[in-house]
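Structural characterization, general
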Amino acid sequence: MPELPEVETIKNDLQKKVAGLILQDVLITKKAKQIRKPSFRRFKEELISRKIKKAERLGKFIVLHLSSRKFLVIHLRMTGRLLVRKRNTKPDDYLKVAFVLTKNKELRFTDARGFGTIELLNKKELTKLQEKVGPDPLDKSFTAGDLEKRLQRRKRAIKLTLLDQSIVSGVGNIYANEALFAAKVNPRRKASSLSGKNVKLLHESLKKILKKAIKFRGTTAKDEYFVDTEGKKGRFKSYLKVYQRQGEKCPNCKGKIKRINLGGRGTFFCPSCQK
Ligand SMILES: [Zn+2]
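For the structure given in this document, a descriptive report is provided here. Keep in mind it's a predicted model, so treat the numbers as computed, not measured.

Take the pattern of salt bridges next. Under the criterion given, the structure shown has 17 salt bridges. Here Arg108 makes a salt bridge to Asp92, at a shortest N to O gap of 2.7 Å. Residue Arg108 is found in strand 8 (residues 105-111), and its partner Asp92 is found in the loop between strand 6 (80-86) and strand 7 (95-101); the two are separated by 16 residues along the sequence. The buried category is assigned to Arg108, whose relative accessible area is 2%.

Dropping the structure here:
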């Protein structure tokens, strides 16, 4: 699933390529269950002739601000992709919705497994969503102290706590594993058991890893689903130290990276480095 660096990459692309363009048409395939609300007909009516003013990221959501003061809120979930193509070029597989734009462009939403969502929200609904989403780890105002407060009294494993979007937003399975490795914290530890020093290092590691992953335009993992708006892969995979590297040598010690299942998710760590 695309996480903060992947969604940030897409958001930056959209800001560069489609902000300022006007929606001329919306082509919806019959089975586009991704559109949650409103109805297809109203969705189309509300979008046509509106300008995309800017693209923003909220956790793992992409928010397109429209000139109608409404917001097109997109979540890619497992396999959603946003591709910017020239009009009438080769169709993309699993196309669900095509937003036809000025300047001969098309913003295409494709989704192989079909869990992605597209919603048209008003300001009030967006505010409600913003309140549900936890702080962004890359926000300058998000301190180690904030993270510490948010982890207090959390009895679940630290790894699962980091995946909870209401505690911190944008972190998913890849970067939770990587940040815990960098912070030398065992993913199974209770979140509330982390020392101040642990939290400080975890906070620092999260920021550092997420920023570096953005620089390399995200991670295209083994499933190969994530691509940018041109269909290109992210290049951060070769910098991953533990994620999907079970059985390989730990980069810090002579031990081997282990894979366990935690809350239904593959969890990768070095049992000797991470205490
Ligand atoms: Zn190790």
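Next, the rest of the story.
Formed by 40 residues in total, the largest nonpolar core has its most connected members in Leu151, Ile158, Leu162 and Leu202. Counting only elements with at least two residues in this core, the list comes to helix 4 (144-151), helix 5 (158-163), helix 6 (173-182) and helix 7 (196-215). Here Ile158 is in contact with Leu151, Leu180, Val185, Asn186, Pro187, Arg189, Lys190, Ala191, Leu194 and Leu202, once residues within four sequence places are set aside. Counting 29 residues, the second largest nonpolar core, distinct from the first, contains Ile10, Ile118, Leu120 and Phe226.

Attention now moves to the sheet that holds strand 2 (residues 35-37). Sheet architecture is open: five strands sit in the order 2-9-5-4-3, paired in mixed fashion. With one partner strand each, in any of the chains shown, strand 2 and strand 3 (52-58) form the two edges of the open sheet. Pairwise comparison of adjacent strand axes, ignoring direction, gives a mean angle of 20° for this sheet. Summarising the sheet, strand 5 (residues 71-75) and strand 9 (residues 117-121) pair through five bridges and their orientation is antiparallel. When the sheet's bridge partners are listed, Ile74 is paired in strand 9 with Ile118. Sitting on the sheet, helix 1 (residues 4-17) touches strand 3 and strand 4 (61-66), and the angle it makes with strand 3 is about 170°. Contacts from helix 2 (residues 40-47) reach strand 2, strand 4, strand 5 and strand 9, with the element oriented near 60° to strand 9.

On to unusual backbone geometry. The general pattern is negative phi for most residues beyond glycine and trans for most peptide bonds. With a phi close to 70°, Ser49 is a non-glycine residue in the positive phi region. Within the secondary structure, Ser49 is located in the loop between helix 2 and strand 3. Classification of Ser49 by relative accessible area gives exposed; the value is 53%. One non-glycine residue, Glu224, lies in the positive phi region at around 65°. Locating Glu224 in the fold gives a position in the loop between helix 7 and strand 10 (258-262).

Attention now goes to the side chain of Arg57. One can find Arg57 in strand 3. Owing to a relative accessible area of 17%, Arg57 belongs among the buried residues under this scheme. In this structure the side chain of Arg57 is engaged in a polar contact, spanning 3.0 Å, whose partner is the backbone oxygen of Gly59. A polar contact is formed between the side chain of Arg57 and the side chain of Asp136, at a distance of 2.7 Å. When sequence neighbours within four positions are dropped, the list of residues in contact with Arg57 reads Leu4, Val7, Glu8, Lys11 and Asp136.

Analysis parameters
Residues numbered from 1 in each chain as written. Predicted model: local features only at pLDDT ≥ 70, side-chain atom pairs only at ≥ 80, totals over all residues. Heavy atoms only, no water. Salt bridge = Lys/Arg side-chain N within 4 Å of Asp/Glu carboxyl O. Helix = DSSP H or I, 4+ residues; strand = E, 2+ residues; numbered from the N terminus. Buried < 20%, exposed > 50% of the residue type's maximum accessible area, 1.4 Å probe, protein only. Core = buried A, V, L, I, M, F, W, Y, C linked by side-chain atoms within 4.5 Å. Contact = heavy atoms within 4.5 Å. Pairing = 2+ DSSP bridges. Axes fitted to C-alpha atoms, helices over the stretch in contact; angles between N-to-C directions. Polar contact = N/O pair within 3.5 Å; in protein donor to acceptor, adjacent residues only side chain to side chain.

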